[in-house]
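# Tertiary structure, described
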Amino acid sequence: MAPRDLPAAQPEVTRPEATLSRPAALRGERDRLIERTLGGDLPAFSFPAAYARAADAHLRQLFERATGERPRGYALMAVGGYGRGQLCPGSDLDLVLVHRGRRHVGEVAEAIWYALWDEGLHVDHSVRTPSEALMVAREDLKVLLGLLDGRVVAGDERVAGSLATQSAELLRKDAARLWPQLADSVAARHDKAGELAFLLEPDLKQSAGGLRDMAVLRALRRALAPETIYSEPIEPLAESEALITSVRAALQCRSQSASDRLALQEQDQVAALLAYPDADALMAALAEAGRAISAGLEESFQRGRASLHQRRGASEPVPIEAGIVEGDGEVGIAADADIAADPALALRLARIAAERHLLIDRGSLDRLARHAHRPNEPWDEVVRAAFVGLLSTGEALVPAVEALDRRRLFELYLPEWRSVRNRPQRNAYHRFTVDRHLLEAVAMCGPHLASVDRPDLLVLGALLHDLGKGFPGDHSEVGREIAENVARRIGLREDDVAVLGRIVAYHLVLPEFATRRDLDDPSTARVVAQIVEDRRTLSLLAALADADGRATGSAAWGQWKSELVATLVERVAHVLDGHELPQPSPPLAPGGLVAALGERRLGLEATGRQVTVVAPDRPGVLAAVTGVLALHGCNVLRANVGETEGGMAVESFAVDFAFGRVPDWRRVEADVARALSGELALEESLREQERAYANARRPASATAPQVSVRIDDTTSALATILEVRAEDRLGVLHRIAAVLAEARLDVAAALVDTLGHEVVDTFYVRDEHGDKIPATAARCVEVRAILSEVLTHG
């Protein structure tokens, strides 16, 4: 089974004439290794070394063939990952032909490169003398890092054998200039690729804690003085690197591509290939490996900075507060600090590091790991204030807590943290593991700390709101019990315990009601008011909804949802203050639209993202309009349906535009007319367009969610609510509306909540007499069955 999407051959160009027989093809050997790995004959962790050995043998034959009678003065050098003996199915062959000014070097190089290109292999190649190689390395960090891992594959060892050592010496001697450049490039890459330990779909090579970081880490350690002492020896880090490399090899064997991103859809198969019990176990092991490499890289940069400071004359540590000092760009514990007697010391140290945007001295973390202990319970005011103070530092909180967590110090204060540490979330709209999501949510509370009357409860609620995901049961219900236990343990009053329990239990209420219930229905605000109970809880839930949404990612939170939540909060506050909300009014057509219809009997007007359609009131109008809008690239976010005098339906839609393109509204109106008259085969057109855009709509990593239909006849006094959860396919709203029209259900409002590749469509429906329908009525039972069938099998 040959890989389909692995790096392709170079463009066709004229190549030198081959005068000797060609060595056995390397690509064929690579494909055989892939087949053996997928068949279970070759363990995935053995693939990189096996492929590298095959490449070595092949390149030696090519080298001998190319140099013929003139082998002296040439050396073929493997650099980068290949230099380390790590070749995955999609890896480039990183090669340098080193020579001592040989006259025929161009011919030798072309003979080797073209032979590899003819096989369809991707080669990152260069031709240089030793002095040229070092000169380029001085100005190009990528070249320098590649040479540090260089080894001679074929040819004269004396030509290039010392380049790796000379490159390390170059990095050591020119550290004052090169190390800041290297640190900046690493930081930029991390900003772009995220952190391997916490991402649900990490880039195994580029993410922080990935293979690229390990290459930098190894380079830094080689460049530092050999007597430098590290808290973490290189061997365990090499084991972490081997694990990530094995996952990369298994991924590329499975996916038949050169991708380094471990997508959700690949994780189960890769886990099986590597003999993990399931994908969660694989991702937990990956997270530990990524954390170890990240910690090792951070330490190496710290040691390097310390070495530079020593050359310039290190500064004396400056006391900051009791037991804590600052020096050389780090904060640490004073030499005479009594760790056992100060249970808040680790928290205060992390808070200062966050506030001053400084690193924590690793020696201090080691001391804390040896001597710190859990605080006595319930906590006293000092420990509680230190804990809340750390949680209130905004986005700088994340690296500070991560530094504690690497030594398992954060668990001293929150033992439940172990249950969510490295825990992945199996959906397409969360970006992070549960533990990292919780820290991001706390960090996102920063802008709200001045606007709520209990910022301490806000940050505590953000930290605890998803802890229930580490335990069996509904995470909100389980989370409430956990939150109340934690609250008592840290010494909160009972009334605060109750509030904290409520905001954890109901942290999803505002966004779910805002997007899945009709805000114009007074019953919506009244039900939410009964849940939240008071204004304090409401304000805390509003702030937490924003922080939680932004921490989750753009697939779950945006301006539209933020505005809906704000509207709901305003109306709930109105109810809590004892005021009545007005009854909803049916949507009105824009001025003059109905009057201007004349004999056409159909009108459409669009203003910004608001679209209003007026048409004869009959079954199927909503299905026709939503289907046509989908055809023209309009994602319906909300729909309201009303009726004018004379039997005309007024349907108002809030829409978003796919790919940012505003449609031609005259064509949309014409297609609505054709759909209503039966001239437009709407279902067939939708299916055709869906086939054309199927890959763009569902991420490659996503699997279709299970269809569910829930009927609620209690929340609204005006209508029965149908909540449909399904895959976000083109025209899904149209298909649901068509089923409801066939069942003679009148839709008063429709709302759409999109979560990644999943959609939750909510419909307020009544019978043909305008009455609510009991959830147990035969019509509701039948509609549920039909919707499940239509949305599952299409």
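Bear in mind the structure is a predicted one, so any value in this text is a computation, not a measurement.

We now examine the overall build of the chain. Of regular secondary structure, the chain possesses 30 helices and 16 strands. Of all 794 residues assigned to the chain, the portion counted as buried reaches 55%. For the chain, the proportion of contacts with a sequence separation of at least 24, taken over those separated by at least 6, is 71%. When the accessible surface of the chain is split by element, carbon and sulfur atoms take 50% of a total near 34000 Å².

As a further point, take the nonpolar core. In this structure, Phe387, Trp417 and Leu463 are the most contacted members of the largest nonpolar core, which totals 95 residues. In this view, phenylalanine 387 contacts Leu347, Trp379, Phe410, Tyr413, Leu460 and Leu463; residues no more than four positions away in its chain are not counted. One finds Val613, Phe653, Val765 and Leu787 within the second-largest nonpolar core, a separate group that totals 55 residues.

Let's shift gears to the confidence of the model for the chain. With 90% of its residues at a pLDDT of 70 or more, the chain has an overall mean of 88. The element-level mean pLDDT for the chain is lowest in helix α28 (residues 682-697), coming to 74, with helix α19 (residues 455-464) highest at 98. Predicted confidence for residues 7-21 stays below pLDDT 50, and this span has 23 contacts to residues more than four positions away or in other chains. Here residues 695-702 is a poorly scored stretch, pLDDT under 50, and it has 16 contacts once near neighbours within four places are set aside; other chains count.

Moving on to helix α21 (residues 494-505). Compared with an ideal rise of 1.5 Å per residue, which puts twelve residues at 16 Å, α21 spans 16 Å between its outermost C-alpha atoms and is within 8% of the ideal. At its buried positions, α21 is contacted by α19, α20 (475-489), α23 (522-532) and α24 (535-552).

The next subject is the pairing of strand β14 (residues 720-727). Among the eight residues that make up β14, seven are buried, leaving the element largely enclosed by the rest of the structure. Pairing between strand β13 (residues 708-712) and β14: five bridges, direction antiparallel. For serine 708, the partnering residue across the bridge sits in β14 and is arginine 725. As paired strands, β14 and strand β16 (residues 758-766) are joined by eight bridges and run antiparallel to one another. Considered in β16, the bridge of alanine 726 is made with valine 759.

Moving on, we get to the pairing of strand β5 (residues 318-321). Direction of pairing for β5 relative to strand β6 (residues 324-327): antiparallel, over a ladder of three bridges. Following the sheet pairing, valine 318 is matched in β6 by glutamate 326. Taken together, β5 and the strand that follows it, β6, pair antiparallel across an intervening segment of two residues, in which glycine 323 is found at a positive phi of about 80°.

Attention shifts here to the side chain of serine 91. Examined against the element boundaries, serine 91 turns out to sit in the loop between α3 (80-83) and β2 (93-99). Within the structure, serine 91 has its side chain in polar contact with the backbone nitrogen of cysteine 88 (distance 2.8 Å). Apart from the residues within four sequence positions on either side, serine 91 is in contact with Gln86, Arg248 and Gln252.

This brings us to the environment of alanine 287. Relative to the helices and strands, alanine 287 is located in helix α13 (residues 279-312). Spatially, the C-alpha atoms of alanine 287 and proline 424 are 9.5 Å apart, while their sequence positions differ by 137 residues.

Neighbouring strands of a sheet are bound in pairs by backbone hydrogen bonds; such pairs are parallel or else antiparallel. With respect to topology, four strands assemble into an open sheet ordered β3-β2-β1-β4, the strand pairing being mixed. Where the open sheet ends on each side, the last strands, each with one partner, are β3 (123-128) and β4 (151-155). Neighbour-to-neighbour, the strand axes of this sheet turn through a mean angle of 25°, independent of strand direction. Looking at chain direction, β2 and β3 are connected through six bridges and run parallel. Note that in β3 the partner of valine 96 across the bridge is serine 126.

This part covers the pattern of salt bridges. Opposite charge on two side chains makes pairing possible when the charged atoms of those side chains draw close. Per the stated rule, a full pass over the model turns up 62 salt bridges. For arginine 84, the salt bridge is made with glutamate 241, and the minimal N-O distance between the two is 3.7 Å. Placement of the pair is arginine 84 in the loop between α3 and β2 and glutamate 241 in helix α11 (residues 234-255), with a sequence separation of 157 residues. Under the relative-accessibility criterion, glutamate 241 is labelled buried at 3%. Between glutamate 402 and arginine 406 there is a salt bridge; the shortest N-O distance is 3.4 Å. In this pair, glutamate 402 and arginine 406 both sit in helix α17 (residues 397-406), four residues apart, roughly one turn of the helix. There is no split in this pair, since glutamate 402 and arginine 406 are both buried. Each of the salt bridges in this network shares a partner with another, and the network as a whole consists of Glu288, Arg291, Glu298, Glu402, Asp405, Arg406, Arg408, Glu411, Arg418, Arg421 and Asp435.

Ordered in space as β5-β6-β7-β8, the four strands form an open sheet in which the pairing is mixed. Both outer strands of the open sheet, β5 and β8 (359-360), are each paired with one neighbouring strand and no more.

Below, the discussion takes up unusual backbone geometry. Here glutamate 377 and proline 378 are connected by a cis peptide whose omega angle stands at -5°. Its location among the elements puts proline 378 in the loop between α15 (362-371) and α16 (381-391). In the Ramachandran plot, alanine 275 falls in the positive-phi region, its phi being about 65° despite a non-glycine side chain. Secondary-structure assignment places alanine 275 in the loop between α12 (264-273) and α13. The exposed category is assigned to alanine 275, whose relative accessible area is 67%. Here histidine 357, not a glycine, exhibits a phi torsion of approximately 55°, which is positive. By secondary structure assignment, the location of histidine 357 is in the loop between α14 (345-356) and β8.

Moving on, we get to the packing of aromatic side chains. Within this structure, the stated rule accounts for eight aromatic pairs. Ring centres 5.0 Å apart and planes at 80° place the aromatic pair tyrosine 114 and tryptophan 117 in the edge-to-face group. One end of the pair is tyrosine 114 and the other is tryptophan 117, both in helix α4 (residues 105-118) and three residues apart, which spans about a single turn. Both residues of the pair, tyrosine 114 and tryptophan 117, belong to the buried class. Linked through ring pairs, Trp379, Phe387, Phe410, Tyr413 and Trp417 together constitute an aromatic cluster. In this structure, arginine 151 packs its charged tip against the face of tyrosine 82, placed 5.2 Å from the ring centre. If you follow arginine 517 out to its NZ or CZ, it ends over the ring of phenylalanine 513, 5.9 Å from the centre.

Before going further, it helps to spend a moment on the environment of glycine 363. Mapping glycine 363 onto the fold places it in helix α15. The class for glycine 363 is partly exposed, based on a relative accessible area of 32%.

The rules we used
Residues numbered from 1 in each chain as written. Predicted model: local features only at pLDDT ≥ 70, side-chain atom pairs only at ≥ 80, totals over all residues. Heavy atoms only, no water. Helix = DSSP H or I, 4+ residues; strand = E, 2+ residues; numbered from the N terminus. Buried < 20%, exposed > 50% of the residue type's maximum accessible area, 1.4 Å probe, protein only. Contact = heavy atoms within 4.5 Å. Areas by Shrake-Rupley, 256 points an atom, 1.4 Å probe, with all protein chains shown as cover. Core = buried A, V, L, I, M, F, W, Y, C linked by side-chain atoms within 4.5 Å. pLDDT = per-residue confidence, 0-100. Expected span 1.5 Å × (residues − 1). Pairing = 2+ DSSP bridges. Polar contact = N/O pair within 3.5 Å; in protein donor to acceptor, adjacent residues only side chain to side chain. Axes fitted to C-alpha atoms, helices over the stretch in contact; angles between N-to-C directions. Salt bridge = Lys/Arg side-chain N within 4 Å of Asp/Glu carboxyl O. Phe/Tyr/Trp six-rings, centres within 6.5 Å; stacked < 30°, edge-to-face > 60°. Lys NZ or Arg CZ within 6 Å of the ring centre and 35° of its normal.

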